[in-house]
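# Understanding the architecture of this molecule
One letter stands for each residue in the lines below.
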Amino acid sequence: MKQTRMQGDADLQKLTDLAQQLRRDTIRMIHHAGSGHIGGALGLADYMAALYGWAMQYDDLDPTDPDRDRIVLSNGHTCAVWYAALARSGLIPLEELATHRRMGSRLQGHPARKAMPDYIETSTGPLGQGFPVANGIALSLRKRDSQGRVYVILGDGELQEGQVWEAFMTSAHYKLDNVCVFINYNNIQIDGNVEDVMGISPLADKIKAFGWHVVEIDGHDIGASVTALSEAASTKGKPTAIIGNTIMAKGVPFMEGDAKWHGNTPSGVETTKALESVGTNNRFNDFPIANRA
Amino acid sequence: MYSGNKAMRDAFGDALADIGAQDDRIVVLTADLTDAIKVGKFKERFPERFYQMGIKESDMIGTAAGMAIDGQIPFTSTFAVFTTSLANQAIRVNVAYNNANVKIATSHGGVCVGADGATHQAFEDVALMRLIPNMTILVPCDANEAYKATIAAAKMDGPVYLRFGRIPSPVVTCADDPFEIGKARILRDGKDVAIVAMGAMVPVALEAASDLATDGIQAKVIDMHTIKPLDENTIIESAKECGCVVTAEEHTVLGGLGGAVAEVLAKNLPTPLRMVGVLDTFGESGEPQEILEKYHLTSSDIVEQVRLVLTQK
């Protein structure tokens, strides 16, 4: 399946259905794996749907197309929802989602380029490490006169890493308008509320002061993501940061906004309850899971 | 090529400009040290392929990895100590784990920064790089070898760490000598003791071998320009032939060349071994020669260790 960059008007119902399916996949993957990072992943489902369902250019028959768009998931721990997006976009087999975090799987606990070089531009996990690589790819794309764009996703707690601000400086200094950063601003990190642990506000002002174009949106409003992504693509001479105000674990009420769901794994009962809250639709089939021993 | 005394970093700058003219995938990044690591020549000739990254080494390494992932051949350039300590995580994850085709070039390896003192003296950089999978480590012994190592690094696919000295040092190899990554060179033959040296200690080892010869001791001198992958075969064969080994490096003996040779010998052919190098300590300010003397990194220190190891045969 080939998807062309930001082609036509976005079908918001289709993207909403996709986002809900990414949530179902994420819940089932993490329950099946027995570990993982469910909260941040669920909160990113809507933006991920806007990227893979509309904004990005890619072709499963030509995965290394030099003009494709790239994702750098700098907050690599949220990778379950990314893997689900790859599968739902036809880039990897749906059945593979059941292998996440297992020995030998391409779907490592944190994204590994070695395992899947066609889709994972750079290995991530240690926070702050993905963003500089995205700038390097963007500089190379510019050197090659490619229209490819680089989408970086950062966690909000990740912004406490000094290296993130080094990278903010670099993208602005080199006027990398082919870089678009999304900040998953759910205000929660492992030890609690971001502002209590180590404050990052006023975030928009800080990033603007670094020379960026900044857009603030409700990160669960897919229409707003579509508009912001479009605005980023038409903003020339400077990179764009989309601050997505999100709710951690959005879509599963008993997990929403609760720091313990950063890294907890839902039990069988909790998984059933979580799946009920994100609903089903007829557009997608669930991926098969073998019975656990 | 070069003769007399010449700084390796100058040869690096020359090689970079030459290989840059042949391959437009070569890009150069620096962290505010254009002149110190001699990448100015490349900058002048290929300004569109030169990237000033400011004083942020981790970001420079990560950016270089991204450029490599998209098909460029980036050389990063700054001091050895900042690269390997400050940007270690970026080297580990962005470069090595991704197996990205980045050439991490460094100057001011060892004590040669002299008066700048301990914070700027890289004693542990090679050991830090040895611990990282996928990394090739090149430590040329003079300007001619620095030139060839730079070209060889550009032509191989995969991460490479390159270590150059700051101050002019004796040129002991010839322009037409072969240079092959992973293949040590025997610069002087002998059967009484094998001196395995790296970098600027190679000329010092040759000097020690001359001194020893006046006493009838024939020392083999091995230029171990590739620390990883290590030429184990040459080490084992030399140990077999000579029966004892001395290592010499401008670097800590812990995990550097001395450590690497000890691992090979212990596993394959336990052989009396003594190490000349920095002994688990920080440096200090002083003229390079004063520091070399205080930290026992001179030819007479090598001679002393040879005499001691000969008694252990």
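Small disclaimer: the values here were computed from a predicted structure and weren't measured.

Thresholds, definitions, all that
- Residues numbered from 1 in each chain as written.
- Chains lettered and ligands numbered in written order.
- Predicted model: local features only at pLDDT ≥ 70, side-chain atom pairs only at ≥ 80, totals over all residues.
- Heavy atoms only, no water.
- Helix = DSSP H or I, 4+ residues; strand = E, 2+ residues; numbered from the N terminus.
- Rg over C-alpha atoms; globule rule 2.2 N^0.38 Å.
- Buried < 20%, exposed > 50% of the residue type's maximum accessible area, 1.4 Å probe, protein only.
- Contact = heavy atoms within 4.5 Å.
- Areas by Shrake-Rupley, 256 points an atom, 1.4 Å probe, with all protein chains shown as cover.
- Lys, Arg positive; Asp, Glu negative; His and termini not counted.
- Charge placed at Lys NZ, Arg CZ, Asp CG, Glu CD.
- Pairing = 2+ DSSP bridges.
- Axes fitted to C-alpha atoms, helices over the stretch in contact; angles between N-to-C directions.
- Phe/Tyr/Trp six-rings, centres within 6.5 Å; stacked < 30°, edge-to-face > 60°.
- Lys NZ or Arg CZ within 6 Å of the ring centre and 35° of its normal.
- Polar contact = N/O pair within 3.5 Å; in protein donor to acceptor, adjacent residues only side chain to side chain.
- Buried area = accessible area lost by both parts, 1.4 Å probe.
- Salt bridge = Lys/Arg side-chain N within 4 Å of Asp/Glu carboxyl O.
- Disulfide = S-S within 2.5 Å.
- Expected span 1.5 Å × (residues − 1).
- Core = buried A, V, L, I, M, F, W, Y, C linked by side-chain atoms within 4.5 Å.

A few words on the overall build of chain A. Looking only at helices and strands, chain A features 10 helices and nine strands. Its C-alpha radius of gyration of 18 Å places chain A within 12% of the 19 Å reference for a compact globule of 293 residues. If one aligns the C-alpha atoms of chain A with their principal axes, the spans along those axes are about 55 × 45 × 35 Å. Looking at chain A as a whole, 61% of its 293 residues qualify as buried. For chain A, the share of sequence-separated contacts (at least 6 apart) that also reach a separation of at least 24 residues comes to 78%. Total accessible area computed for chain A in this model is approximately 11,000 Å², and 49% of it derives from carbon and sulfur atoms. Positive and negative charge centroids in chain A, built from 28 and 34 side chains respectively, lie 4 Å apart.

Let's shift gears to the overall build of chain B. Secondary structure assignment for chain B yields 12 helices and 14 strands. Radius of gyration (C-alpha) of chain B: 19 Å, near the 20 Å computed for a compact globule of 313 residues. In terms of its C-alpha atoms, chain B occupies a principal-axis envelope of roughly 60 × 40 × 35 Å. A total of 313 residues make up chain B; the buried ones form 64% of that total. For chain B, the share of sequence-separated contacts (at least 6 apart) that also reach a separation of at least 24 residues comes to 78%. On chain B, roughly 11,100 Å² of surface is accessible, and the fraction owed to carbon and sulfur atoms is 50%. Between the centroid of the 28 positive side chains of chain B and the centroid of its 41 negative side chains there is a distance of 3 Å.

The next thing to look at is the sheet that holds strand 5 (residues 179-185) of chain A. All names here are of chain A. Ordered in space as 3-4-5-9-8, the five strands form an open sheet in which the pairing is parallel. The open sheet has two free edges, formed respectively by strand 3 (70-73) and strand 8 (213-218), since each of these has just one partner strand. Averaged over neighbouring strand pairs, the angle between their axes works out to 20 degrees when direction is ignored. Across the sheet, helix 3 (residues 45-55) lies against strand 3, strand 4 (150-155), strand 5 and strand 9 (240-245), angled at about 175 degrees from strand 4, the strand it touches most.

With that out of the way, let us pick up the packing of aromatic side chains. All chains considered together, the criterion is met by 14 aromatic pairs over all chains. Ring geometry for A:Trp165 versus A:Phe168: centroids 4.8 Å apart, planes at 45 degrees, classification tilted. Taken together, the positions of A:Trp165 and A:Phe168, both in helix 6 (residues 162-173) and three residues apart, correspond to about one turn of that helix. You can call A:Trp165 buried: its relative accessible area is 16%. Measuring from centroid to centroid gives 5.6 Å for B:Phe79 and B:Phe82, while their planes differ by 20 degrees, and the two rings are stacked. You can call B:Phe79 buried: its relative accessible area is 8%. One residue, A:Lys273, lies across the ring of A:Phe254, its end atom 4.5 Å from the ring centre.

This brings us to the environment of B:Asp215. Residues and elements named next belong to chain B. Take aspartate 215: it is sitting in the loop between helix 8 (201-213) and strand 11 (219-223). Put simply, aspartate 215 and leucine 254 are 39 residues apart on the chain and 31 Å apart in space, counted from C-alpha to C-alpha. Only 2.5 Å separates the side chain of aspartate 215 from the side chain of arginine 307, close enough to count as a polar contact.

Residue and element names in this part refer to chain B. The strand order across the open sheet built from seven strands is 3-2-4-5-7-6-12, with neighbouring strands paired in mixed fashion. At either margin of the open sheet sits one strand with a lone partner, and together these are strand 3 (50-52) and strand 12 (226-228). Strand-to-strand, the axes of this sheet are offset by a mean angle of 20 degrees, without reference to chain direction. Contacting strand 2 (26-30), strand 4 (73-79) and strand 5 (103-107), helix 1 (residues 8-22) runs over the sheet at an angle of about 140 degrees to strand 2.

Take the interface of chain B and chain A next. Tallying the contact residues gives 24 residues for chain B and 25 residues for chain A. Around 2,100 Å² of area is buried between chain B and chain A when both sides are counted, 53% of it from carbon and sulfur atoms. Summed over the shared surface of chain B and chain A, the number is two salt bridges. Salt-bridge contacts for A:Arg144 lead to B:Asp70; the nearest nitrogen and oxygen are separated by 2.8 Å.

Once that is clear, we can look at the pattern of salt bridges. Across all of its chains, the model carries 23 salt bridges over all chains by this definition. Between A:Asp46 and A:Arg23 there is a salt bridge, with the nearest N and O atoms lying 2.7 Å from each other. Taken as a pair, A:Asp46 in helix 3 and A:Arg23 in helix 1 (residues 12-33) lie far apart in primary sequence, 23 residues in all. Salt-bridge contacts for B:Asp125 lead to B:Arg163; the nearest nitrogen and oxygen are separated by 2.9 Å. With B:Asp125 in helix 6 (residues 125-130) and B:Arg163 in strand 7 (residues 160-163), this residue pair connects regions lying 38 residues apart in the sequence. Residue B:Asp125 shares its accessibility class with B:Arg163, and that shared class is buried. Shared partners join several salt bridges into a network, and the residues in it are A:Arg70, A:Arg144 and B:Asp70.

The next thing to look at is the state of the cysteines. Enumeration over the complete set of coordinates arrives at zero disulfides over all chains. The thiol of B:Cys244 is unpaired, and the distance to the nearest cysteine sulfur, on B:Cys242, comes to 6.9 Å.

Here we come to helix 8 of chain B. If you check helix 8 of chain B, its first and last C-alpha atoms are 18 Å apart, about what 13 residues at 1.5 Å a residue would give, namely 18 Å. Within the sequence span of helix 8 of chain B, burial applies to B:Met201, B:Val202, B:Pro203, B:Val204, B:Ala205, B:Leu206, B:Ala208, B:Ala209 and B:Leu212.

Attention now moves to the nonpolar core. Residue and element names in this part refer to chain A. Among the nonpolar cores identified, the biggest contains 80 residues, and Phe168, Ile183, Ile207 and Trp212 are the most heavily contacted of them. The contact partners of tryptophan 212, leaving out residues within four places of it in the chain, are Phe131, Phe168, Ser171, Ala172, Val179, Val181, Ile207, Lys238, Pro239, Thr240 and Ala241. Of all hydrophobic cores here, the second largest spans 67 residues; its members include Met56, Ile92, Ile217 and Val226.

The next thing to look at is helix 9 (residues 222-234) of chain A. All names here are of chain A. Between its terminal C-alpha atoms helix 9 stretches 18 Å, which fits the 18 Å expected from 13 residues at 1.5 Å a residue. Elements in contact with the buried residues of helix 9: helix 1, helix 3, strand 4, strand 5, strand 8 and strand 9. The opening residue of helix 9 is aspartate 221, an N-cap whose side-chain oxygen sits 3.1 Å from the backbone nitrogen of glycine 223.

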